[in-house]
Amino acid sequence: VQLQASGGGLVQTGGSLRLSCAASGRTFSSYGMGWFRQAPGKEREFVAAITRSGTTTYYADSVKGRFTISRDNAKNTVYLQMNSLKPEDTANYYCAAGYPPYASRYYASREYDYWGQGTQVTVSS
């Protein structure tokens with residue numbers, strides 16, 4: 001599967017953005033999907049994930065209550081709605097597809113086999 005992330009940009013503190021990740025192929029609904037981010041000089045970190053059916057979601061504590069992940073399997077797309085953005089949310093955001101075998105593995109980047117190219121989010125103070 002190929003992934004194409006979009007929707008990043010420059011926003012002020014407290015603003016909102018919605019990221020999209022469009023997947024190619026007809027097997028999108030068979031993948032668990034995740035969003036990760038990486039800021040300059042820092043390691044890549046987990047942001048959010050969603051199961052194949054979309055019934056269960058997972059969030060990093062730092063974004064819980066502000067970000068919402070969702071998916072539309074008919075459109076082969078996963079979304080990340082980001083509200084109340086903070087300067088510390090500034091990073092390159094990546095979507096990923098894989099087969100995490102159980103709940104705790106959705107947080108691990110190594111469980112994802114396919115990665116998009118990233119979209120930059122910059123939050124100004």
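Predicted model only: the values in this text are computed from it and were never measured.

Participant: Give a detailed account of the sheet that holds strand 8 (residues 77–82), specifying residues and quantitative values.
Facilitator: Consider a sheet: its strands pair through backbone hydrogen bonds, and that pairing is either parallel or antiparallel. The strand order 1-3-8-7 describes an open sheet built from 4 strands, whose pairing is antiparallel. This sheet does not close on itself; its edge strands, each paired only once, are strand 1 (3–6) and strand 7 (67–72). Across the sheet, the mean angle separating the axes of adjacent strands is 15 degrees when strand polarity is ignored.

Participant: Got a sec to walk through the packing of aromatic side chains? Specific residues and values, please.
Facilitator: Applying the stated criterion across every chain, the model contains 9 aromatic pairs. Between the aromatic rings of Tyr31 and Tyr99, the centroid separation amounts to 5.0 Å while the plane-to-plane angle is 35 degrees, which identifies the pairing as tilted. With a gap of 68 residues between them, Tyr31 in the loop between strand 3 (17–23) and strand 4 (32–38) and Tyr99 in the loop between strand 9 (91–98) and strand 10 (112–115) connect regions that are remote in the sequence. The class for Tyr99 is partly exposed, based on a relative accessible area of 46%. Aromatic side chains Tyr31 and Tyr114 sit 5.8 Å apart centroid to centroid with 85 degrees between the ring planes, which places their arrangement in the edge-to-face category. Of this pair, Tyr31 sits in the loop between strand 3 and strand 4 while Tyr114 sits in strand 10, and the two are 83 residues apart along the sequence.

Participant: Tell me what's going on with the nonpolar core, and back it up with residues and numbers.
Facilitator: If you look at the biggest cluster of nonpolar residues, it comprises 37 residues, and the most contacted ones within it are Met33, Trp35, Leu80, Met82 and Tyr93. Setting aside chain neighbours within four positions, we find Tyr93 in contact with Leu19, Trp35, Phe36, Arg37, Val47, Phe67, Leu80, Met82, Gly118, Thr119 and Val121.

Participant: Can you explain the state of the cysteines? Please cite residues and give values.
Facilitator: Within this structure, the stated rule accounts for 1 disulfide. Bridging Cys21 to Cys95, the disulfide has an S-S length of 2.1 Å. Linking Cys21 and Cys95, the disulfide has an S-S dihedral of approximately 60 degrees and is accordingly described as right-handed. Of the two residues, Cys21 sits in strand 3 while Cys95 sits in strand 9, which places them 74 residues apart along the sequence. As far as burial versus exposure is concerned, Cys21 and Cys95 are alike and both buried.

Participant: Summarise the pattern of salt bridges; cite the residues concerned and give the values.
Facilitator: Under the counting rule described, the total for this entry stands at 5 salt bridges. Notably, a salt bridge pairs Lys64 with Asp61, separated by 3.2 Å at the nearest N-O pair. In this structure, Arg66 engages Asp89 in a salt bridge whose closest nitrogen and oxygen atoms are separated by 2.7 Å. Taken together, the residues span a long stretch of sequence, with Arg66 in the loop between strand 6 (57–59) and strand 7 and Asp89 in the loop between strand 8 and strand 9 at a distance of 23 residues. Residues joined in a network through salt bridges with shared partners are Arg37, Glu45, Arg66 and Asp89.

Definitions and cut-offs
- In this convention, every chain numbers its residues from 1, walking through the sequence in written order.
- For a predicted model such as this one, the threshold for reporting local features is a pLDDT of at least 70, and the threshold for listing and counting side-chain atom pairs is 80 or more; totals across whole chains, interfaces and linings nevertheless cover every residue.
- In computing side-chain values, all of the structure's heavy atoms are included and hydrogens and water are not.
- Pairs of strands are assigned from DSSP output, requiring at least two bridges between the strands.
- Where helices and strands are cited, they refer to DSSP runs of H or I of at least four residues and of E of at least two residues respectively, numbered from the N terminus.
- Axis angles are defined between N-to-C directions and span 0 to 180 degrees, where every axis is a line fitted to C-alpha atoms and, for a helix, only to the segment in contact.
- Within 6.5 Å between ring centres, the rings of Phe, Tyr and Trp (the latter by its six-membered ring) count as paired, and their orientation is classed by plane angle as stacked under 30 degrees, edge-to-face over 60, tilted in between.
- For every residue, the accessible area obtained with a 1.4 Å probe (protein chains only) is divided by the maximum for its type, and the residue is called buried under 20%, exposed over 50%, and partly exposed between those limits.
- Definition used in this section: a nonpolar core is a set of buried Ala, Val, Leu, Ile, Met, Phe, Trp, Tyr and Cys residues joined via side-chain atoms within 4.5 Å.
- Only heavy atoms enter the contact rule, under which two residues are in contact if any of them lie within 4.5 Å.
- By definition, disulfides here are pairs of cysteine sulfur atoms that lie within 2.5 Å.
- A pair is scored as a salt bridge if a Lys or Arg side-chain nitrogen falls within 4 Å of a carboxyl oxygen belonging to Asp or Glu.

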